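# An overview of the molecular structure
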2 protein chains.
Amino acid sequence: MKIALAQLNYHIGNFEANTNKIIDHIKLAKNRGADLVVFAELAVCGYPARDFLEFDEFIELCQSSALEIAEHCIDIACIMGLPIKNAKVAGKDLYNAAYFIEDGEIKATVKKALLPTYDVFDEYRYFEPGIQFDCIDFKGKKIALTICEDLWNINDNPLYVSNPMDQLTLQQPDLMINIAASPFSYSHDDERMVVLSDNAKKYNLPLLYVNQVGAQTEIVFDGGSLTFDRAGNLLNEMKYFEEDMRIYEVMDGDILGHTPIDHKPLSDIEQIYGALILGIKDYFEKSGFTKAVLGLSGGIDSAIVCALACRALGAENVMAVLMPSKYSSDHSIQDALDLVKNFGCMHEIIPIKEAADTFDRVLEQAFKDLPPNLAEENIQARCRGLILMAMSNKFGYILLNTSNKSECAVGYGTLYGDMCGAIGVIGDVYKTQVFELARFINKDGVMIPENSIIKPPSAELRPDQKDSDSLPEYDVLDKILFQYIELKQSSKAIIAQGFDEALIKRVVKMVNNAEFKRYQTPPILRVSSKAFGMGRRMPIVGKYLS
Amino acid sequence: MKIALAQLNYHIGNFEANTNKIIDHIKLAKNRGADLVVFAELAVCGYPARDFLEFDEFIELCQSSALEIAEHCIDIACIMGLPIKNAKVAGKDLYNAAYFIEDGEIKATVKKALLPTYDVFDEYRYFEPGIQFDCIDFKGKKIALTICEDLWNINDNPLYVSNPMDQLTLQQPDLMINIAASPFSYSHDDERMVVLSDNAKKYNLPLLYVNQVGAQTEIVFDGGSLTFDRAGNLLNEMKYFEEDMRIYEVMDGDILGHTPIDHKPLSDIEQIYGALILGIKDYFEKSGFTKAVLGLSGGIDSAIVCALACRALGAENVMAVLMPSKYSSDHSIQDALDLVKNFGCMHEIIPIKEAADTFDRVLEQAFKDLPPNLAEENIQARCRGLILMAMSNKFGYILLNTSNKSECAVGYGTLYGDMCGAIGVIGDVYKTQVFELARFINKDGVMIPENSIIKPPSAELRPDQKDSDSLPEYDVLDKILFQYIELKQSSKAIIAQGFDEALIKRVVKMVNNAEFKRYQTPPILRVSSKAFGMGRRMPIVGKYLS
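Predicted, not measured: the structure shown is a model, and the values here were computed from it.

## What about the overall build of chain A?
When you go through chain A residue by residue, the secondary structure sums to 18 helices and 20 strands. With the principal axes as the frame, chain A shows a C-alpha extent of 85 × 50 × 50 Å. Counting every position in chain A, which comprises 546 residues, the buried fraction comes to 58%.

Next comes the structure, spelled out in structure tokens:
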């Protein structure tokens, strides 16, 4: 039996595009001799469709798309994911399901049993868990088809009280297929490899796994679909961050023509780079935009975002706006211009001194004789935000936000100022990782000016300001943040690791006090296991532990 | 048996305050002769604690608070809600539970079975459903204790496949107690009355229901705890939008000293008014702030927000900033000043012409010779946002957002301009309801200037601009929005109701296109069954139906 795995980039709610893409790959797989072609979880509508799923019309379009696709399943069978209605009176209205289509007809329906509802996942918000488990009969073989999370309950601390494969295995299947929409993080690939291999081994079955690829706003799918033999050995991995289709021949419990290979993982930074490029690209393509604007300060963060945008969209589509203040150093402008030259993007220089001075004057009376403070610093940052949004409004450029995860975490940024933007490009990348990204981008020659990398980070909002005036050094800060954000450790537990108590309390307090700011930040491309945004839902008005 | 229902205002994560408040009410109930005092769902930690629940330290503090409270349960028993650890290996790590405490000891634990995971609710994100149902034995009686949603599965289209009371009733309980944290909406009270009455009737038992009161960021709890006789008749309702404690004597299946009463519902507008006042008050009190700032345009929206803020915080704590532009009419300033005079709040007048002109000049070169468009209008709105944030930063005022639900819906507002703020006061109140609120506030005398109510709404960002240039009349618009947002009707279905096709398509498209703006708006006080924010999660990059 020849099985094609189609690893495709879907667009949420774009039924026409998704349906056409699926039909094209059914034809392609048929031409290449496949008996069965497998598409990902919720391929028909894209993932995560969120509250679109609550609109009846949306579900009806899923169904009519499936019927249109079914017409093309002649001389080839197909498996694909879609939401379907729950025909029973009790329970949620929908299932996260998969159709098995043969001879133009829906021959079997599989319903996802384990519904991830944590981090960025909200599946139990929409779906009733499946409780009936049957293998699919195809060409005299039994296929144990599961949907994503259904294979993920085999670790030592299972999140669910049941395990679908334990049921399916009773029917003595010949192979396992898992269709997924498994969001990327730079630590996810290793975990996935282990979980899938453990499943193949435990059930003593070959396993074919097909994932989505592409970005949907902040969520990136990395592809990397996998095949394992019944001993849990990896046989093949498909492309990362790209569409791909491959055909595997399964016979008598073996996947022919493949011998075990070693997983050669991309480095974390290489993965992050790939995810961010794809994230930017898909944000623009799927929104129907082509041109980006960003503020280029001469510092490392905006340099990286500019570099990524040029690579993702083409330099000719990127407008870098330099907005020096009276506190900007000469080298800042030069560093920014060097970057513009290296990448060849558009640029404008629009100083903010005049605008900031105007506000200082206009506010003089209301401010009485109070000494300058954060208010005056924020005015400058907000003048920049205003100028960038004006450029966006005038020319239809989409504003890229350039805040990194470290500063998002501690609130070292100005709401409605440098926190503006349609999409946060590096908001899930710690400052120390930003430096690594710069080195990665420069690996074949200097593109990011060396000076942007080596100079001490500064917001340049008052004379001789440096980040280190307000924050611990980033290598220390990022370690603390990782413990608190990714690992959810208490202050006490972090202090017990040997960090300074006063420092930890200060950092944790800064993170907590910035919740109200983060609530209003743009969606942030997710590359870690715990990004700010939908995956981290903290109260704003609450008394925080410290 | 005398049972006290304690309807209290908790503060998420403020264990000291919550514990002290609970202990105080245990003492008070004991002094008043109660045998049992009942506190709400998750009273110990506040609701919704969101991802605080994922921190071990948070759960440990819940437990230690409960043990401290237990010490005070001598000669009085107590029921209270809190999250507890799941001791089993499989399943989520927590239960949404209630302790029954007697003689200083935890005698019984009840676990919530039905976990609301829709709209603003995320309970399955954190909790494993309870599957074991036992009545509580107290003074020779059996109490069927359930937690909030556990009683809500008795309508025609049940959301869950099981029903806890169907299990508990097998043990022949003597009465039902339900502890809740049931978020307010202006349509929720009627529904609640029916559901609870239906339960009392169905199980032929008296029912005591205790709810939380108070606001937690955007979520408001209205209190209104209820008692029903075994025939489902309402016997008593506790205060709305205020703390309250009452004692009921239950004997032989009757609640003594009460006869059936009619529910006298507050009008929708009265409820909305109460919820918004409480919402503002608690946002400030629980955040530790006292003073608010807002932009006062002379229009109806900011007038209402100013009025509500003065009532909630005291006029002496409210700073209204008038920021006329060159397009502001004279009457706008006068209307705003009239309001300031009526309420007695602070004010400043800070014209924006100079700042806006500066930006026009600074951007002239970059804008080339392109004609004025939305960019120039937004510059004005953003100058206002900048000034308000400067006042906020300089004086520690918290900025109140003044956008109404109609304009949030269609995106008729400027991101980082009039969409700034820490909390959206009327972002869940349609424009037509804003007018009703004005009439309600003026019912005992003109406080909101009549002119602010009767003049045609305008953003005043270009000469003679009116909202009706860009939008349908609000009475039509709001009807369409209600169908699309609250009722999730498709364009097709709305058109079938007799609305103009082109109009519906335009409105729905405006709503969809504004998702990226709404993603970055402040939290909005929720008063309807479908507010923007956590309860409505739409994809940003997605192809919308129309």
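## Side note on the domain arrangement of chain A
Interface size, as often reported, equals the accessible area lost upon joining of the parts. Residues and elements named next belong to chain A. You can read the domains of chain A as domain 1 (2-261) and domain 2 (271-467 + 515-519). For domain 1 and domain 2, the distance between their C-alpha centres works out to 40 Å. Elements represented by at least two residues in the side of domain 1 that touches domain 2 include exactly strand 10 (213-216) and strand 11 (219-222). Across the side of domain 1 that touches domain 2, the residue classes break down as six nonpolar, three polar and one charged.

## Examining the packing of helix 1 (residues 15-31) of chain B against helix 2 (residues 56-70) of chain B
For any two helices packed against each other, one specifies the crossing angle of their axes together with the interaxial distance. All names here are of chain B. Two elements in contact, helix 1 and helix 2, have axes whose closest approach is 10 Å; the angle formed by their N-to-C orientations is 25°. Between helix 1 and helix 2, the angle falls in the class roughly parallel. Where helix 1 crosses over helix 2, the two elements pack in a sense that is right-handed. Where helix 1 approaches helix 2, its residues F15, T19, I22 and I23 are matched on the opposing element by L61, S65, E68 and I69. Of the residues contributing to the contact of helix 1 with helix 2, the split by class is five nonpolar, two polar and one charged.

## Some points on the packing of helix 8 (residues 353-362) of chain A against helix 8 (residues 353-362) of chain B
Where helix 8 of chain A meets helix 8 of chain B, the axes come as close as 9 Å, and the angle between the chain directions of the two elements is 175°. Compared by their axis directions, helix 8 of chain A and helix 8 of chain B come out roughly antiparallel. Only B:E354, B:A355, B:T358, B:F359 and B:V362 of helix 8 of chain B make contact with helix 8 of chain A, whose side of the interface consists of A:E354, A:A355, A:T358, A:F359 and A:V362. In terms of residue class, the contact of helix 8 of chain A with helix 8 of chain B is made up of six nonpolar, two polar and two charged.

## Quick notes on the sheet that holds strand 19 (residues 398-401) of chain B
Strand pairing in a sheet relies on backbone hydrogen bonds, with the paired strands running either antiparallel or parallel. Residues and elements named next belong to chain B. The parallel open sheet is built from five strands, whose spatial order is 18-17-16-19-20. Of all the strands in the sheet, the pair left with one neighbour each is strand 18 (346-349) and strand 20 (423-424). Direction of pairing for strand 16 (residues 292-295) relative to strand 19: parallel, over a ladder of two bridges. Each bridged residue has a counterpart across the sheet, and for A292 the counterpart in strand 19 is I398. Together, strand 16, strand 17 (318-322) and strand 19 form the strand contacts of helix 6 (residues 300-313), whose direction differs from that of strand 16 by roughly 170°.

## Section: the interface of chain B and chain A
Each partner contributes to the interface: chain B provides 79 residues, whereas chain A provides 79 residues. Elements supplying a minimum of two residues to the side of chain B that touches chain A: helix 2, helix 5 (268-287), helix 8 and helix 9 (374-395) of chain B. Looking at which element gives the most residues to the side of chain B that touches chain A, the answer is helix 9 of chain B, with 13 residues. Class assignment for the residues of the side of chain B that touches chain A results in 43 nonpolar, 18 polar and 18 charged.

## Some remarks on the relation of the copies chain B and chain A
Superposing chain B onto chain A requires a rotation of 180° together with a translation of 0.0 Å along the rotation axis, leaving an RMSD of 0.0 Å. Overall, the copies show the geometry of a two-fold rotation axis. When each C-alpha of chain B is compared by its distance to the rotation axis, B:Q520 comes out closest, at 2.1 Å. A symmetric contact is evident, with 100% of the interface residues of chain B recurring at the interface of chain A.

## Details of the sheet that holds strand 9 (residues 207-210) of chain B
Residue and element names in this part refer to chain B. Spatially, the six strands line up as an open sheet ordered 6-7-8-9-12-13, and their pairing is mixed. Whereas interior strands pair on both sides, the edge strands pair on one side only; in this sheet they are strand 6 (136-138) and strand 13 (234-237). In this sheet, neighbouring strand axes are inclined to one another by 20° on average, regardless of whether the strands run parallel or antiparallel. Pairing of strand 7 (residues 141-147) with strand 8 (residues 175-179) involves five bridges; the strand directions are parallel. In the sheet register, T146 faces strand 8, and the bridge partner there is N178.

## What about unusual backbone geometry?
Generally, phi is negative for residues other than glycine and the peptide bonds are trans, each holding for most cases. In this chain, A:Y47 is followed by A:P48 through a cis amide linkage whose omega measures -5°. Positive phi values are uncommon outside glycine, yet A:K368 reaches one of about 55°. For A:K368, the location among the structural elements is in the loop between helix 9 (364-367) and helix 10 (374-395). A residue is classified by how many C-beta atoms lie within 10 Å of it, and A:K368, with 9 of them, is exposed. Positive phi is not limited to glycine here, since B:Y416 has a value of about 65°. Taking the number of C-beta atoms within 10 Å as the measure of exposure, B:Y416 has 25 and is therefore buried.

## So, the pairing of strand 5 (residues 105-111) of chain A
Residue and element names in this part refer to chain A. The pairing of strand 4 (residues 94-102) with strand 5 spans six bridges and is classified as antiparallel. When the bridges of strand 5 are listed, I101 appears paired with I106. The hairpin formed by strand 4 and strand 5 contains two residues between the paired strands, and D103 there has a positive phi angle of roughly 50°.

## Thoughts on helix 4 (residues 188-203) of chain B
All names here are of chain B. End to end, helix 4 covers 23 Å across 16 residues, agreeing with the expected 22 Å (1.5 Å per residue, within 8%). For helix 4, the full list of buried residues reads D189, R192, L196, N199, A200 and Y203. Looking down the long axis of helix 4, one finds its buried residues gathered within 95° of arc, a one-sided arrangement. Taken together, the buried residues of helix 4 touch helix 3 (164-168), strand 8, strand 9 and strand 12 (226-228). One or two positions beyond helix 4, positive phi appears at N204, with a value near 55°.

## What to know about helix 6 of chain B
Residues and elements named next belong to chain B. With 14 residues, helix 6 should cover 20 Å at 1.5 Å per step; its first-to-last C-alpha distance of 20 Å lies within 8% of that length. Taking burial as the measure, the 14 residues of helix 6 include 13 buried ones, the bulk of the element. One or two steps after helix 6, the chain reaches G314, where phi turns positive at roughly 90°.

## Quick word on the confidence of the model for chain A
Of the residues in chain A, 100% have a pLDDT of 70 or more, and the chain-wide mean is 96. For this predicted complex, the interface confidence comes out at an ipTM of 0.96, alongside a pTM of 0.97.

## Here we look at the environment of B:L8
Summarising the element assignment, B:L8 is placed in the loop between strand 1 (2-7) and helix 1. B:L8 sits 31 residues away from B:F39 along the chain, and the two C-alpha atoms are 7.7 Å apart.

## Quick notes on the pairing of strand 7 (residues 141-147) of chain A
Residue and element names in this part refer to chain A. Across the seven residues that make up strand 7, a large majority, five, are buried. One ladder, built from three bridges, connects strand 6 (residues 136-138) with strand 7; its direction is antiparallel. Residue pairing in the sheet places I136 in a bridge with I143 of strand 7.

## Concerning the environment of A:E460
Residue and element names in this part refer to chain A. With respect to the helices and strands, the residue E460 is situated in the loop between helix 13 (450-454) and helix 14 (467-470). E460 sits 166 residues away from L294 along the chain, and the two C-alpha atoms are 17 Å apart. What E460 contacts, discounting residues up to four positions off in sequence, is S325, Y327, S328, S329, S332 and Q465.

## Considerations on the environment of B:H11
Following the sequence through the fold, B:H11 ends up in the loop between strand 1 and helix 1. Separated by 148 residues in sequence, B:H11 and B:L159 have C-alpha atoms that sit 30 Å apart.

Basis of the calculations
Residues numbered from 1 in each chain as written. Chains lettered and ligands numbered in written order. Predicted model: local features only at pLDDT ≥ 70, side-chain atom pairs only at ≥ 80, totals over all residues. Helix = DSSP H or I, 4+ residues; strand = E, 2+ residues; numbered from the N terminus. Buried ≥ 20, exposed ≤ 12 C-beta atoms within 10 Å, placed from the backbone. Domains from an automatic or database assignment. Nonpolar A, V, L, I, M, F, W, Y, C, P; charged D, E, K, R; others polar. Axes fitted to C-alpha atoms, helices over the stretch in contact; angles between N-to-C directions. Parallel < 35°, antiparallel > 145°, perpendicular 65-115°, else oblique. Left-handed = near helix turned anticlockwise from the far one by under 90°. Contact = placed C-beta atoms within 7 Å. Pairing = 2+ DSSP bridges. Least-squares fit on C-alpha atoms with pLDDT ≥ 70 in both. Expected span 1.5 Å × (residues − 1). Arc of directions from axis to C-beta. pLDDT = per-residue confidence, 0-100.

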